[in-house]
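Letter by letter, the chains look like this.
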Amino acid sequence: MASLMQDLSAAASAAFEAMGLEARWGDIRRSDKPELADFQCNGAMGAAKKAGKIPRDVAAEVAAALKENDMVLSAEVAGPGFINIRVSDDALAARAEAVRGEKMAGAEGASDPQVTVIDFGGPNVAKPMHVGHLRSAVIGDTLRRLLTFLGDQVTGDVHLGDWGLQMGHLVTELQDEQPGLIYFDADFTGPYPEEPPVTIDDLARMYPAASAKAKDDPARLERSQKAVAELQAGRPGYRALLKHFIDVSVAALKIDYEFLNVHFDLWKGESDVDDLIPDLVEQFKRAGLAEEDGGAVIVRIARDSDKKEMPPVMLINSRGGTGYHTTDLATIMDRMETLQPTPQRMLYVVDQRQALHFEQVFRAAEMVGLIDEGRLEHIGFGTVNGPDGKPFKTREGGVLRLADLNAMALEEAQKKIAEAGKLPEDMGAEEREEVAASVALAALRFSDLMNTRTTNYVFDLDKFTSFEGKTGPYLLYAAVRVKSLLRRAEADGNEAGDIAIGHDAERALVLQLDNFAFACLQAREKRMPHVLCEHLYNLAQAFSSFYSALPIASESDATLRASRLGLASAVLKQLETGLDLLGIRVPERM
Ligand code: ARG
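Small disclaimer: the values here were computed from a predicted structure and weren't measured.

What counts and what doesn't
Residues numbered from 1 in each chain as written. Predicted model: local features only at pLDDT ≥ 70, side-chain atom pairs only at ≥ 80, totals over all residues. UniProt positions renumbered as here; feature names shortened; annotations may be inferred. Helix = DSSP H or I, 4+ residues; strand = E, 2+ residues; numbered from the N terminus. Expected span 1.5 Å × (residues − 1). Pairing = 2+ DSSP bridges. Near = placed C-beta within 6 Å. Nonpolar A, V, L, I, M, F, W, Y, C, P; charged D, E, K, R; others polar. Buried ≥ 20, exposed ≤ 12 C-beta atoms within 10 Å, placed from the backbone. Contact = placed C-beta atoms within 7 Å. Domains from an automatic or database assignment. Axes fitted to C-alpha atoms, helices over the stretch in contact; angles between N-to-C directions. Parallel < 35°, antiparallel > 145°, perpendicular 65-115°, else oblique. Left-handed = near helix turned anticlockwise from the far one by under 90°. Core = buried A, V, L, I, M, F, W, Y, C linked by C-beta atoms within 7 Å. pLDDT = per-residue confidence, 0-100. Arc of directions from axis to C-beta.

Engineer: Mind showing me how you'd approach the UniProt feature "domain: Arginyl tRNA synthetase N-terminal" (unreviewed entry) in the protein chain here?
Structural biologist: Look at the UniProt record and you will see "domain: Arginyl tRNA synthetase N-terminal" (unreviewed entry) annotated at residues 2-87. Structurally, residues 2-87 is divided into 43% helix and 22% strand, and its ends, taken at the C-alpha atoms, are 15 Å apart.

Structure below.
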């Protein structure tokens, strides 16, 4: 069953069309004056202006058509041509029943489902993830969940950064530390030992060390550059090391992602598309798009209409190596050739500051025909800042590792839970741990997602973990509260029953439930998870008003009591479904 908002929109659109006007004027929104109306339609003014008609006349005709509809209690023209609509109690009750009974808790699949790759996470081998990687992981994973929920066929790819100069640094640093390793033998061909020669801590230490040395020492830099070139050319010992580095890194990455409830379908990386590069370059050459430039091969992508400078794409650098542009292009080729069904869209959830890179890559990919135009989207996001408004740093001024951030969130969650004294006395240690992990997860994910994706936000763990305000823990607590209300009622022999609507607080609550379908579709269309966060927060608030306005389990009339419990289960269903889309786990009790 479609939402009331969608049904009303369809009816209003049909009425506009019957008058020879465009269907889009029939868009229905929640009323911004709930004391006057449930929904409103503002299209008559625009439609009339375009058609040279009188707005109130157009509105009156649409209102008359709406009144024909069973679910409409009243439809009235107001002011210059607004239409104020009230829906019937029966329509609201049926809607609440649908939310409670339907798999999607009142949401509707998208009308244009797409085969979509979401490229997110983007961690780099050897460089530990930092707070900047949080956003890509959380926003990307949420879009993955949301789009899948709405019917898109989604593949989430972590796209490891494992091809740059950092790999050369690791090789040379390891060579200095353990020169005797067989990987360095010029005639090494494998097989290589199963045991990796480094741990994740080694990697975390070696990369910054080598990179610092290379800064002051051109010879050291040159060695690392040469090592990458040899690695890229396929030197077996170095390729074996690369595989070790990747394995060790991935094992560590999985721990951090698991904590954040972030999941990927593919664990591919830049190095995986190495063998496609010759073919890629060939395609650009055949199309007459590749240009020789001082030993490098470049693709000019600038257009006359450009307002800013558009440097060319670098396919092969003057040392014969390949970099970030090349691997991204080859990855598009790989996805188009290997994924089944063929992707129709690729979304890149990456820091806004990489906008130029993606503009360059997308243009080149479209020019050479790797994919149709307009199918590659950069889903950029703002930075996570400290209280000083600059990108977040540790107290010592270094970058904060994601693993440490997760640990801090867990600790803060434990503190907040203890302060609130919320957990039941009889709860065992293991369950307490799980609850704390859920609160930390809710805090981190919700506070990141509730901010408009494109803006920066200030990282404030104290605020994020609070049970009050617009926070993840507040929403968790709201959901758990409904859960325990229903559980207690059931234990007392009070089952949920048929839903009937009679009271204002009930109406308001169902109208909020009805908004879920729109919020999900809107969040998908704009790639903006905060729209869904906003909806869930409003739903929790509407439940809270309902809860304080009316008795639920303590209602003395059995039919009313069963109805209100039914309404509460509809709310729980939608809250849990929505929180799951945000990647937030709801504990059984807390
Ligand atoms: N590894 C990159 C970085 O840390 C992000 C990768 C984003 N994805 C992509 N296909 N380029 O900056």
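Engineer: Teacher, can you tell me more about helix α16 (residues 472-491) here?
Structural biologist: Note: α-helices contain 3.6 residues per turn, so residues at a spacing of three or four share the same orientation. In this model, α16 (20 residues) spans 29 Å end to end at C-alpha, consistent with the 28 Å of a helix rising 1.5 Å per residue. Residue G493 follows α16 closely and has a positive phi angle near 85 degrees.

Engineer: Looking at this structure, I do not really get the pairing of strand β7 (residues 290-293). What am I missing?
Structural biologist: Put simply, side chains in a regular strand alternate between the two faces of the sheet. Alignment of β7 against strand β8 (residues 296-299), held across four bridges, turns out to be antiparallel. If you follow E292 over to β8, its bridge partner there is V297. Linkage of β7 to β8, two consecutive antiparallel strands, is achieved through a turn of two residues, within which G294 is found at a positive phi near 55 degrees.

Engineer: Got a minute to help me understand the site of the ligand in this structure?
Structural biologist: Close to the ligand lie D119, G122, N124, H159, G161, D328, Y348 and V350. Across the shell around the ligand, the residue classes tally to two nonpolar, four polar and two charged.

Engineer: Just checking my understanding: could you explain unusual backbone geometry for this structure?
Structural biologist: Backbone geometry follows two general trends: most residues other than glycine have a negative phi, and most peptide bonds adopt the trans configuration. Omega for the peptide link from G190 to P191 comes to -5 degrees, which places this bond in the cis form. Relative to the assigned elements, P191 resides in the loop between α6 (165-177) and α7 (200-216). Of note, the bond from Q340 into P341 is cis; its omega dihedral lies within 30 degrees of zero at -10 degrees. Its place among the elements puts P341 in the loop between α11 (324-338) and β10 (345-351).

Engineer: Sorry, what's going on with the pairing of β8 here?
Structural biologist: Judged from the three bridges that link them, β8 and strand β9 (residues 313-316) form a sheet pairing that is antiparallel. By the bridge assignment for β9, V299 is matched with V313.

Engineer: How do you make sense of the environment of V384 when you look at a structure like this?
Structural biologist: Examined against the element boundaries, V384 turns out to sit in strand β12 (residues 384-385). The exposure class of V384 is buried, given the 22 C-beta atoms found within 10 Å. Sequence separation of V384 and V281 is 103 residues, and the distance between their C-alpha atoms is 37 Å. With residues up to four places along the chain from it excluded, the contact list for V384 reads V131, G132, L134, R135, F392, Y457 and F459.

Engineer: I tried to follow the domain arrangement of the protein chain on my own but got confused; where do I start?
Structural biologist: How big an interface is tends to be stated in terms of accessible area lost as the parts join. Domains assigned within the protein chain are domain 1 (4-87), domain 2 (165-259) and domain 3 (402-581). Using C-alpha coordinates to define each centre, domain 1 is positioned 65 Å away from domain 2.

Engineer: When you look at the packing of helix α17 (residues 504-514) against helix α20 (residues 558-581) in this model, what are you seeing that I'm missing?
Structural biologist: In helix packing, the relevant descriptors are the interaxial angle and the interaxial distance, both defined with respect to the helix axes. At a minimum axis distance of 11 Å, the contact between α17 and α20 shows a crossing angle of 30 degrees. When the interaxial angle is binned, α17 and α20 end up roughly parallel. By crossing handedness, the relation of α17 to α20 is classed as left-handed. Residues E506, L509 and L513 of α17 form the contact with α20, whose participating residues are L567, A570, V571 and Q574.

Engineer: Looking at this structure, I do not really get the environment of D27. What am I missing?
Structural biologist: Structurally, D27 is set in the loop between α1 (4-18) and β1 (28-30). Discounting chain neighbours no more than four positions away, the residues touching D27 are S9 and G43.

Engineer: Explain the sheet that holds strand β5 (residues 115-119) to me, please; I cannot follow it from the model alone.
Structural biologist: Pairing between the strands of a sheet is mediated by backbone hydrogen bonds and can be parallel or antiparallel. With parallel pairing, the four strands of this open sheet are ordered in space as β6-β5-β10-β11. Each edge of the open sheet is held by one strand with a lone partner, namely β6 (153-157) and β11 (376-381). On average, adjacent strands in this sheet sit at an angle of 20 degrees to one another, irrespective of strand direction. With four bridges joining them, β5 and β10 adopt parallel strand pairing. Looking at β10, one finds that I118 is bridged to L347. Along the sheet, helix α5 (residues 131-149) contacts β5, β6, β10 and β11; its crossing angle with β10, the most-contacted strand, is approximately 155 degrees.

Engineer: Explanation requested: the packing of helix α13 (residues 402-420) against helix α14 (residues 429-449) in the structure shown.
Structural biologist: At a closest axis distance of 8 Å, the pairing of α13 and α14 adopts a crossing angle of 115 degrees. Taken together, the axes of α13 and α14 lie roughly perpendicular to each other. You can see that α13 and α14 cross each other, and the crossing is right-handed. Of the residues in α14, those touching α13 at A409, L410, A413, Q414, K416 and I417 are V435, A436, A437, V439, A440, A443 and L444. By residue class, the composition of the contact of α13 with α14 is 11 nonpolar, one polar and one charged.

Engineer: Looking at this model, I keep getting lost on the nonpolar core. Mind explaining?
Structural biologist: One finds V62, L475 and V571 to be the most contacted residues of the largest nonpolar core, which totals 153 residues. Both domain 1 (4-87) and domain 3 (402-581) contribute no fewer than three residues apiece to this core. Setting aside anything within four residues of it in sequence, one finds V62 in contact with A12, A15, F16, C41, A44 and I83. L174, Y183, A227 and F264 belong to the second largest nonpolar core, which has 27 residues in total.

Engineer: How do you make sense of the sheet that holds β9 when you look at a structure like this?
Structural biologist: Spatial ordering of the open sheet is given by β7-β8-β9, a layout of three strands whose pairing is antiparallel. What marks the edges here is a single partner per strand, and that holds for β7 and β9. The mean inter-strand angle of the sheet, taken between neighbouring strand axes irrespective of direction, is 40 degrees.

Engineer: Help me out: how do you make sense of the confidence of the model for the protein chain in this one?
Structural biologist: Detailed reading of the predicted coordinates is not advisable wherever pLDDT is low. Looking at the protein chain as a whole, the pLDDT averages 96, with 100% of positions reaching at least 70. Both scores are given for the predicted complex: the pTM is 0.96, the ipTM 0.99.

Engineer: Help me understand the environment of D275, please; the structure alone is not making it clear to me.
Structural biologist: Relative to the helices and strands, D275 is located in the loop between α9 (236-259) and α10 (277-286). Spatially, the C-alpha atom of D275 lies 9.0 Å from that of A330, the residues being 55 residues apart in sequence.

Engineer: Where do I start with helix α2 (residues 43-51) in this structure?
Structural biologist: The set of residues buried in α2 consists of G43, A44, A47 and A48. Along the axis of α2, the buried residues cluster in a sector spanning 120 degrees; they form a single face. Exposed side of α2, more than 90 degrees from the buried face: K49 and K50 are the residues found there. Contacts from the buried residues of α2 go to α1, β2 (39-41), α3 (55-67) and β4 (82-87). Following α2 by one or two positions, G52 adopts a phi angle in the positive range, close to 70 degrees.

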